[in-house]
Amino acid sequence: MADDNELKIAEGSGKKKLLIMIGASVAILLIAVVAVLFFFSSDDSMPSAGGPGAVTSADGTPAAPTGTAYYVPLPRPFIFNVPGSTRDRLVQIRVQLLVRGSNNDTLAKRHIPLIEGTLLQTFSSANADDLVTAAGKESLRNKALSDLQQELLKVTGTVVVEEVLFTGFVMQ
């Protein structure tokens, strides 16, 4: 009979230990989730790089961009003809835009027609002989960024797009 009592006591303390271990595991998991959310959260209200009120360092140069990076894919690839020295070429470019903060993400999505029109105009002014080289593609990407920032600045009053990214580039 004494052995039965000891077993019952031992079983009861095992259940208590199990409950304590489960509770401690849940507490550790909650702390980890809160820590991850704290470290990876960002302030989307920070000004965009280069825009009005942009953050600059003490020497006046633009500071590193802050805010969450959002990638805005444009719905359709750009397909256009460009003249070359020997023949005209057909070019297809897929584009995504890098913006910082949810406000700029919303603005970019709201102005997709303006963005597409501006980029198509910039791309159509390119030369096939230049687009064959990596430097020519980089030059076109930089011109597209500059043109796009100027057009969006006129409409929104702020620099919305930080980078124009070519995610696909085919020339025939």
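Scoring rules and cut-offs
Residues numbered from 1 in each chain as written. Predicted model: local features only at pLDDT ≥ 70, side-chain atom pairs only at ≥ 80, totals over all residues. Heavy atoms only, no water. Helix = DSSP H or I, 4+ residues; strand = E, 2+ residues; numbered from the N terminus. Buried < 20%, exposed > 50% of the residue type's maximum accessible area, 1.4 Å probe, protein only. Phe/Tyr/Trp six-rings, centres within 6.5 Å; stacked < 30°, edge-to-face > 60°. pLDDT = per-residue confidence, 0-100. Contact = heavy atoms within 4.5 Å. Expected span 1.5 Å × (residues − 1). Arc of directions from axis to C-beta. Pairing = 2+ DSSP bridges.

## Quick notes on the overall build of the protein chain
Here comes step 1: Per the secondary structure count, the protein chain includes five helices and four strands.
Here comes step 2: Going from N to C terminus, the protein chain has its helices and strands arranged as α-β-β-β-α-α-α-α-β.
Here comes step 3: Within the protein chain, the proportion of its 172 residues that are buried is 26%.

## Comments concerning the packing of aromatic side chains
Here comes step 1: For the structure shown, the criterion picks out four aromatic pairs.
Here comes step 2: Through successive ring pairs, a cluster of aromatic residues spans F78, F80, F123, F166 and F169.

## Considering the confidence of the model for the protein chain
Here comes step 1: For the protein chain, per-residue confidence averages 81 on the pLDDT scale, and residues scoring 70 or more make up 76% of the total.
Here comes step 2: The low-confidence segment residues 43-58, where pLDDT is below 50, has 28 contacts with residues more than four positions distant or belonging to other chains.

## Overview of helix 3 (residues 112-124)
Here comes step 1: In this model, helix 3 (13 residues) spans 18 Å end to end at C-alpha, consistent with the 18 Å of a helix rising 1.5 Å per residue.
Here comes step 2: Those residues of helix 3 that fall on the buried side of the exposure criterion are I112, I115, E116, T118, L119, T122 and F123. Looking down the long axis of helix 3, one finds its buried residues gathered within 170 degrees of arc, a one-sided arrangement. In helix 3, the exposed positions angled more than 90 degrees off the buried face are occupied by P113 and Q121.
Here comes step 3: Looking at the packing, one finds that the buried side of helix 3 touches strand 1 (69-73), strand 2 (78-82), strand 3 (89-100), helix 2 (102-110), helix 5 (134-156) and strand 4 (161-171).

## A look at the pairing of strand 3
Here comes step 1: Relative to strand 3, strand 1 is paired through five bridges, and the arrangement is antiparallel. Looking across to strand 3, one finds that A69 is bridged to R100.
Here comes step 2: Examined bridge by bridge, strand 2 and strand 3 share five bridges and lie antiparallel to one another. What sits directly across from V82, in strand 3, is R89.
Here comes step 3: If you look at the hairpin formed by strand 2 and strand 3, you'll find six residues sitting between the two strands.

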